Structures are given as C-alpha cells and as structure tokens.
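Understanding the architecture of this molecule
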Amino acid sequence: MSDTAIDAVAIAGRPPDYSRFGSLWALLQAELSSYPGRPLLVFRIVLSCTLVMFCILVFRIPGAALGAYYPLLVSRDNLHSTRRSAVWIAATCVLGSVEVVLGAMLFIGSPFLHLAWVCASLGAVFYLISSLKVYEAALASGLFIANTITTWDQPVAADWRLRQTLFTLLAILIGCAASVLIEYLFSRTHPPDAVIGGIQQRLYLIGEILQGYVNGKPVRMKLVHEVRRSSGRGTGALRELVSQAGYSFEEQQRLSTAVALAGRLIDLAATLTETGHTLSAHDRELCAVIGQNVVLIRGSLSRREIPEWIDIDGKYETGTPILIEIERTVDLLAESLSQPMWDGSEQNLGHHVPEPSRRIFAADAFSSKEHAKFAIRGGVSAIACYMFYMSVGWIGLSASVTTCILTALPITGAARHKQLMRFAGVVLGACAIGFTAQTLILPQIDSIFSYTLLFASVIFLGAWIATSGPRIAYCGAQIVLAYELVNLNRFSINPSLVPARDTVLGIVLGIGAMWLIFDHLWATSSTRSLRSMLGATIREIAELEVASTEQAEQAGDVLLERRTNEIMENFEKLRTLVDVSIFEAFPKAMPDEVLLQRTRDYLPQLRAALLIKTGLIHHRTVSGNQCRSDIAVQVQQRCSELLVETARHVEADSPDIRVAQAAVDHQIQQRLRSDADLIRTGGLECDLTELRLCSSLFNVVRHLISTT
C-alpha cells in the first residue's frame, strides 16, 4: 500500500479519523509490523513451544497440549521477567494439582460432594484471578484446574485420571523450564548495540513526525499508530538491557538517562499527534531545527561519538505548547550524551526506581467485597456451563468453563472484547488452520521433522499476533491454544473433526453464560469506571508538584518519574475503557455518551499537561531553582486549582464540565507575556525556559477547561 493511499490527517496538526476503513487497515499494519525486539521475542516463543512439543512426542506424554501453550504465557522481553513469570506459573500449577488430587481423592465417591468440590474450586479460581497480583499465574492455574476437572469427570479408572493429571502438570513444568532455558541462552547473545538501536528507533519516529509537520504533508496513520504503540510499550525492556549488558557505571548512567529521555520524546510525539494543533510558520521552523538536532544525535549514536546539536536557546516563537517541551527534552538528550560524568541531579535519572513491597495478593484482597463479588459472578457463570454439559452428557463442551475463566474481567466491555478475540482465535486456530492441517497437510507428513516445521509455522503466526497491541494480541494466543488442543492431544492424525466442533460450541456456550450471568450480576460498565478513574487521574496531575517537592532531597527525579509513569499507565487504561465501551449496550445513555466524548477530548490535553508539568519540575531541579519567579509559583498553583475543579465536575456527573475563566487568569496571561518580553530585551533577569514552560502549562490547562 503506497503512502498516498493510506488514510491520513488532513492537515499536519489535525487528529486522525479512526472511522475510516483506511484507518483500520493502517492500524492492522502498525500492529502486525515489526518493531525492535519483536522478531527475537517471537523466535524465542516458537523455539520454546517447539521444544516442548518435541519432548511430548518423543516421550509420548499424554494430555500434554497445555505444556506447549504455556511458553506463550511465560515468555517476556527479558530474562528477569520471564523467570519471575515461570516461577509464579509453576508454583500456582503445583498448588492447583495438589488441590485437585486431594479433592478428587476425598470427594470422588459422592456425586453431591464432587459437585460441591467443583463449585468450590471454580469459585477459588475466580477469586485468585481477581486478587492475585500476577494475573498470568492465576490464569494459568485456572486453565490447569479446569482441564483437570474435565479429566476427573471421565468415566475411566481413577489411576488413569491421576496419571493424566500428573502428566499435564509435568508438561506445564517442562514448558516453564524450556522458556527460562531459551531466554537464558538468548540473554547471553543480545547484540551489543541493542540499547543504542532502541534509542535510535525512537529518535527515528520522532524525526519522521517532525518532518511531516515541517513539510506540511499529512501525517501517515501507520506512523501515528507506531508512535502510540511505542509510547504504550514504554522503556522497561531497554532499561533491563542496560542493567544486564555489563556496562560500566558511567555508561549505565548515560544510557539510562538517554533511554528515559527518548521514551519521554515518544510520549510527547504521541501527544502532539493527538492535540489537534494547527502549526504556524514559526512552529514549522522550530520543528525543522528540532528535527535537525534529532538527526545529528542519531548519527552520533551510530558512530559512537559525542553528539553535536544546534543550540536553539528560545529564539523561535511557537503557539504549540508541547513543542517547547520537545525542544527542551531534545537538548537534554544531547547534553546527557555529551557529558563524561553526571552531576548529582542528573544522576538520579539513571537510578532504578525502588521496587515496591512484594505481595502475593492485592492489598485489599481480604478486605474488599469486590473480589468476592467477582468470584461469585465468574463462579456462577462457570458452574452453570458445567452443570449444563454434564446434564446433557456432552463433556466436549468443557471449553465453556475455560472460556469463562479466560475472559473474566471486571469491566463488561473489556470482557466482551476478550470473548470476541477468543472466539476469533479458536475459529482460526481450530477450524481454519486445524481443519486444513488435518485434511490436507498431516496425511502427507511422514517424519517428525516435517511435523515440526508445520507446528513451528502455526506457532509463529500465533506468536506474531500475540505480541501485537492489546486490541488483537489475545487472538494470537487463542490460535496457538486451539491448534494444539486439536492436533497435539494424541500421537497420531486425528481423523475426527468433533473436537474442533465441540470447542467452538463450548466457547459459544461460555460466552452466552457470561453475557447472561456475569454481565448482569454486580456488573461494572466501562463508563462507570471511566468516570472515577478520569477524576482521580486529573487530581494526581494537580497534586504532582506537591509530592515531588516533599521528596526533593530523596531521589526526587526518580520518584517524579515513577509517579509520571503511573499516571501514563492510567492514560492507557482510560483509552482502553473508551475503546471497549463499544462492546457494551448501545445506544448509550446521553450522560455516558457525553463522558466518552469528553474523555476523548481530554486525554491529549491531560497528557500534554502532565508532560509539560513534569518537564517544568525537572527543569527547576536541574537548573538548581535559579529563578524563583513569583509568576511561576502562581501559574502552578492556579493550574492545580483549575484541574481540581475539573475533577470535581467529572466526578459529580455534571452535564457541563467546563470551568469558567476568572479575572486572575487574564492577569496571569498578561504577566507571562510581559515578563517574556522583558527577558528577551534584557529588562528582567530570569530563566526564559522556565517562563516558556509555565506559559505552555497555563495555555494547555486553559484549553482543557474550556473544551466544548
């Protein structure tokens, strides 16, 4: 598809229109296109799954299909995260196997007690999903327990059922061990320039965005999606590489700072594409100079040289507040890479954020009623499915219980989105790919090598989709699971299409139970969660400076970065809530429609306000607070007041959440302009950068509160 054929923004500053087919195609292109680290991650997943499959076939481990699926749950971007995930999943599955074996031994003789045990087990699974801090571990144990419950319902000898349970656990442990082993081997072979490559990739995206604004050409939707995806992924993987690559202390500090600043630039670029500003000629001139600096820094990084850059020094006027922070961040990036050592204030940026206390359960796991309500909602839905297929003697519909476990989420819209992705993944994995393999390919295969190639190809397809963004990633995981359940549960070609048919019908039954029971029993809509989270996020932005000032002498930059990351995560959650609201009841009530539209309008402005405010706080820390201008203090206090007032309107469900402008706002605006003119003419000695950031913050907040 050519660049001119891609749907794009009509003008460089106008936000994209997601209703067009071209925008959807650009979204799929961006989700499925490669990004730094993705091919290697997918290759590790394929290698792990294939290794487990090879062990299953060679040692003829029965009922071990789940073992070849679990590497998809375990594998992460780095060794530390993969090892942690593997330990959690292995531990919860071992405990789950103990519970299943003991429960079966005690209650298998009585149908009533057996049913009570199944109900209690399913209720405990949903409670763990709600309260356990490691979600994938709770999900893995729930999948294992649901599978073994089906095993113990089979009309066969007890010793066969026990062996099947233990073999399933063995396969899962093999899957966890294989994932850690593969990740350990590849952690030793990371390219030495992986960190530099990650920084350069982010700078390339920044340069492309700025160049689009300079040329006045439409911003390609594919590029916009790539920037937003990079912003959503964050810089955690690069930071792990910095700590594991054996750099000296000085190199770690320099690269950690560069990674943080490059990630911040991506956030700023994502905000710039969303705010909807029309750039003036002066703005385009500033974009051109910033873009030149970005190109110079990229070139210096590739040559491992100290970068040279153009000192802008506030010479360019701009009507787009976010450009000022982009300019300042690029300057900081160039300066940080050109200094041989770090001073005390900048050194903090490279320090690791102190890890919070390690808890197994959420802080309110045993005090909040919400966890118990979630367990009841999910448990009743799964038990209804269980009783239905056991009553009619159609045990092949056991996928319905698994569907309830895999798609149970607190928010109704998010759960329905996951159900849709599970259904689509199973149809593709079991019906389309599974049927095709059974009828056309597998009869022609006569060696384990050929079978391995086919298996690896399917896993590659599913893993590639599974490493996409949250919109389609779950579909890839279900493709892998469905294909393995159909073609890896026996050691010969399966001539029957019944397993795939029963799996699809079981998913339909599970989705029906979730819609009829789970979504109507203490259900929480996306708009209800959206309102409280939006108000809380606005308050956190308003209170950001106070918290950072109190901790200024105790790694203030690190704490500021941590709080900023937490708020940025809230932005992603808010965006997800807006996206999944489409899967809920329609048409929506007018207050809900107004809230959704307000949130779409607010998110770019709130992101800009957060980034500019943190930039202002950090600038004052780095510069040593040389300018203690009263207007700077007044601006920050007034912005906090306006944000708190906006949060009150949001939480009060007010139909009009605009905040009226006061006379003091006009006075502040005039004072900012006059002080800036005095600084430029030499009539006032103060930090012009700080004043420009204050003006940008005030303009963004004023625009936010007056959004119609």
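Residues numbered from 1 in each chain as written. Predicted model: local features only at pLDDT ≥ 70, side-chain atom pairs only at ≥ 80, totals over all residues. Heavy atoms only, no water.

Structural notes on the pattern of salt bridges
When their charged atoms lie close together, side chains carrying opposite charge are able to pair. Evaluation of the coordinates by the stated rule reveals eleven salt bridges. For R539, the salt bridge is made with E651, and the minimal N-O distance between the two is 3.0 Å. Of this pair, R539 sits in helix 21 (residues 526-542) while E651 sits in helix 25 (residues 630-651); the two residues are 112 residues apart in sequence, bridging distant segments of the chain. Assessed through its relative accessible area of 37%, E651 is described here as partly exposed. (Salt bridge = Lys/Arg side-chain N within 4 Å of Asp/Glu carboxyl O. Helix = DSSP H or I, 4+ residues; strand = E, 2+ residues; numbered from the N terminus. Buried < 20%, exposed > 50% of the residue type's maximum accessible area, 1.4 Å probe, protein only.)

With respect to a nonpolar patch on the surface
On the surface, a nonpolar cluster with roughly 620 Å² of combined accessible area is contributed by F54, V58, F59, I448, F449 and L453. In this structure I448 comes out as partly exposed when scored by relative accessible area, which is 37%. (Patch = residues over 30% accessible without salt bridge, like charges linked within 9 Å, V, L, I, M, F, W, Y side chains within 5 Å. Areas by Shrake-Rupley, 256 points an atom, 1.4 Å probe, with all protein chains shown as cover.)

Overview of the environment of V458
Here V458 lies in helix 18 (residues 448-466). Taking the relative accessible area as the measure of exposure, V458 reaches 6% and is therefore buried. Distance in space between the C-alpha atoms of V458 and V46 is 9.1 Å, their sequence separation being 412 residues. In this view, V458 contacts I433 and Y483; residues no more than four positions away in its chain are not counted. (Contact = heavy atoms within 4.5 Å.)

Things to note about unusual backbone geometry
Despite not being glycine, R60 has its phi angle at roughly 50°, a positive value. Counting through the fold element by element, R60 comes out in the loop between helix 2 (38-59) and helix 3 (65-74). On the accessibility criterion, R60 (52% relative accessible area) is exposed.

So, the side chain of E226
Note that E226 resides in helix 9 (residues 221-233). Judged by its relative accessible area of 16%, E226 is buried. Once you skip the residues sitting within four places of it in the chain, E226 turns out to touch A30, S33 and L205.

Comments concerning the confidence of the model for the protein
For the protein, the mean per-residue pLDDT works out to 80, and 81% of the residues sit at or above 70. Overall, residues 1-20 carries pLDDT values under 50, and its contacts beyond four positions in sequence, including any with other chains, amount to 45 contacts. With pLDDT under 50 throughout, residues 546-554 is counted as low confidence; its partners more than four residues away or in other chains account for six contacts. (pLDDT = per-residue confidence, 0-100.)

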